[in-house]
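Structural description and commentary
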Amino acid sequence: MKKWQFTDKIIAPSLLAADWGKVTSEVSRAIQAGADWMHLDVMDGNFVDNISFGPDMVNAVSESNDVYLDVHLMISKPDEYVARFVKAGADLITVHVEADHDVRETLRAIRAAGCKSGLALNPETPMEDVLPYLEEIDLLLCMTVVPGFGGQSFMNEVMPKVEQAAAMRDLRGLSYHIEVDGGIGEESAVIASAAGANVLVAGSSTFKAEDMAKAVKGLREA
Ligand code: DX5
Ligand code: ZN
């Protein structure tokens with residue numbers, strides 16, 4: 001079942017940490033474990049120092065399971081690829097404010113295509129850089145690691161930005177979700193939730209857990 005609005009927490013396991021030898025059954029395993037969304041990390045070897053997968057993989061996941069697809073584009077020219085990821089079955093497309101594009105136009109193109117729009121900012125990017133676009137987004141992604149690789153440590157110093165994002169949402173009467181991504185486990189989930197994040201992306205702590213259902217439940221209750 002595809003879902004968007006939640007009052008509660010959304011747990012989004014990142015496919016990056018799954019066993020790629022059996023991707024679609026890994027997605028089924030995540031759904032059975034209680035995942036709300038699947039988080040798909042697209043990397044181009046240019047915006048970040050790693051290459052992952054593109055629209056064809058998103059499409060394979062989309063065809064195999066009925067799950068909400070949260071597509072995180074870590075690519076230099078996201079505007080050139082929006083249409084392809086929409087076609088591939090993305091439900092939410094998140095682009096980086098630091099990438100080389102007209103941010104407002106890209107966000108509008110995502111919404112015009114019928115998808116939810118997300119905007120991401122790296123740990124070192126100040127909140128000021130995203131303020132002009134808050135009216136155009138359905139989700140703000142505060143990276144809690146420098147993007148590129150799974151399995152890195154959660155950066156506590158990003159939490160003031162999450163708090164600011166929540167305060168700004170109230171101030172402007174907006175309703176975007178606040179997502180955190182990178183180094184999320186039970187302990188950091190408590191910290192990020194307290195700061196105001198409601199969408200938790202977790203790769204290693206879910207797919208590599210001994211008991212994935214227990215890991216997802218732990219994050220939800222954190
Ligand atoms: C980092 C990616 C993350 C990553 C998270 O570049 O955007 O989504 O998969 O992995 P963990 O949870 O292992 O830090
Ligand atoms: Zn991600």
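What counts, and where the lines are drawn
Residues numbered from 1 in each chain as written. Chains lettered and ligands numbered in written order. Predicted model: local features only at pLDDT ≥ 70, side-chain atom pairs only at ≥ 80, totals over all residues. Heavy atoms only, no water. Near = heavy atom within 4 Å. Polar contact = N/O pair within 3.5 Å; in protein donor to acceptor, adjacent residues only side chain to side chain. Areas by Shrake-Rupley, 256 points an atom, 1.4 Å probe, with all protein chains shown as cover. Helix = DSSP H or I, 4+ residues; strand = E, 2+ residues; numbered from the N terminus. Nonpolar A, V, L, I, M, F, W, Y, C, P; charged D, E, K, R; others polar. Donors = N, O, S within 2.8 Å, 3.2 Å for Na, K, Ca; no water. Tetrahedral: all angles 85-135°; square planar, octahedral: opposite > 155°, others 65-115°. Buried < 20%, exposed > 50% of the residue type's maximum accessible area, 1.4 Å probe, protein only. Axes fitted to C-alpha atoms, helices over the stretch in contact; angles between N-to-C directions. Parallel < 35°, antiparallel > 145°, perpendicular 65-115°, else oblique. Left-handed = near helix turned anticlockwise from the far one by under 90°. Contact = heavy atoms within 4.5 Å. Right-handed = clockwise from strand over helix to strand, strands pointing away. Pairing = 2+ DSSP bridges. Patch = residues over 30% accessible without salt bridge, like charges linked within 9 Å, V, L, I, M, F, W, Y side chains within 5 Å. Salt bridge = Lys/Arg side-chain N within 4 Å of Asp/Glu carboxyl O. Lys, Arg positive; Asp, Glu negative; His and termini not counted. Charge placed at Lys NZ, Arg CZ, Asp CG, Glu CD. Core = buried A, V, L, I, M, F, W, Y, C linked by side-chain atoms within 4.5 Å.

Taken together, 20 residues lie around ligand 1, and Asp41, Gly148, Asp181, Gly203 and Ser204 are the ones closest in. A distance of 2.6 Å separates an oxygen atom of ligand 1 from a polar atom in the side chain of aspartate 181. Contacts to ligand 1 include serine 204, whose side-chain N or O atom sits 2.5 Å from an oxygen atom. The protein chains hide 98% of the 380 Å² of surface that ligand 1 would expose on its own. Of all the secondary-structure elements, those providing two or more residues to the shell around ligand 1 are β2 (37-43), β3 (68-74) and β8 (199-202). Residues belonging to the shell around ligand 1 are distributed by class as follows: eight nonpolar, 10 polar and two charged.

This part covers the coordination of the zinc ion (ligand 2). In this structure, His39 (NE2), Asp41 (OD), His72 (ND1) and Asp181 (OD) serve as the protein donors to the zinc ion (ligand 2), at separations of 2.0 to 2.3 Å. For the zinc ion (ligand 2), the six donor atoms are set out with angles of 66 to 168° between them, so the coordination reads as octahedral. Written as a sequence motif, the donor residues of the zinc ion (ligand 2) are H-x1-D-x30-H-x108-D. On the criterion of sequence distance, the pair formed by histidine 39 in strand β2 and aspartate 181 in strand β7 (residues 177-181) is long-range, its members being 142 residues apart. Under the relative-accessibility criterion, histidine 39 is labelled buried at 0%.

Two elements in contact, helix α1 (residues 23-32) and helix α2 (residues 55-64), have axes whose closest approach is 10 Å; the angle formed by their N-to-C orientations is 55°. By the angle class used here, α1 and α2 are oblique. Here α1 and α2 pass one another in a crossing that is right-handed. Of α2, the residues touching α1 (which contributes Val23, Thr24 and Val27) are Met57, Ala60, Val61 and Ser64. Of the residues assigned to the contact of α1 with α2, the class counts are five nonpolar, two polar and no charged.

Looking now at the pairing of β3. The element β3 is largely enclosed, with a buried count of seven among its seven residues. Covered by surrounding structure in β3 are Tyr68, Asp70, His72 and Met74 together with Leu69, Val71 and Leu73, the residues of both alternating faces. The parallel pair β2 and β3, bridged by α2, forms a crossover whose chirality is right-handed. In this structure, β3 lies alongside strand β4 (residues 92-96), joined through four bridges in parallel fashion. Note on β4: the bridge partner recorded for aspartate 70 is leucine 92.

This next bit is on a negative patch on the surface. A surface patch of like charges, here negative, comprises Asp79, Glu80, Asp102 and Glu105. Tracing the chain through its elements places aspartate 79 in the loop between β3 and α3 (82-88).

Another point: the nonpolar core. In terms of nonpolar packing, the biggest core is built from 62 residues, with Leu15, Met38, Leu40, Ile93, Leu119 and Leu140 touching the most fellow members. Apart from the residues lying within four places of it in its own chain, the contact partners of isoleucine 93 are Val71, Leu73, Val82, Phe85, Val86, Ile110, Cys115, Lys116, Ser117 and Gly118. Core analysis: the next-biggest nonpolar cluster, separate from the first, contains 12 residues, Ala12, Trp37, Leu92 and Val145 among them.

In short, geometric facts, not functional conclusions.
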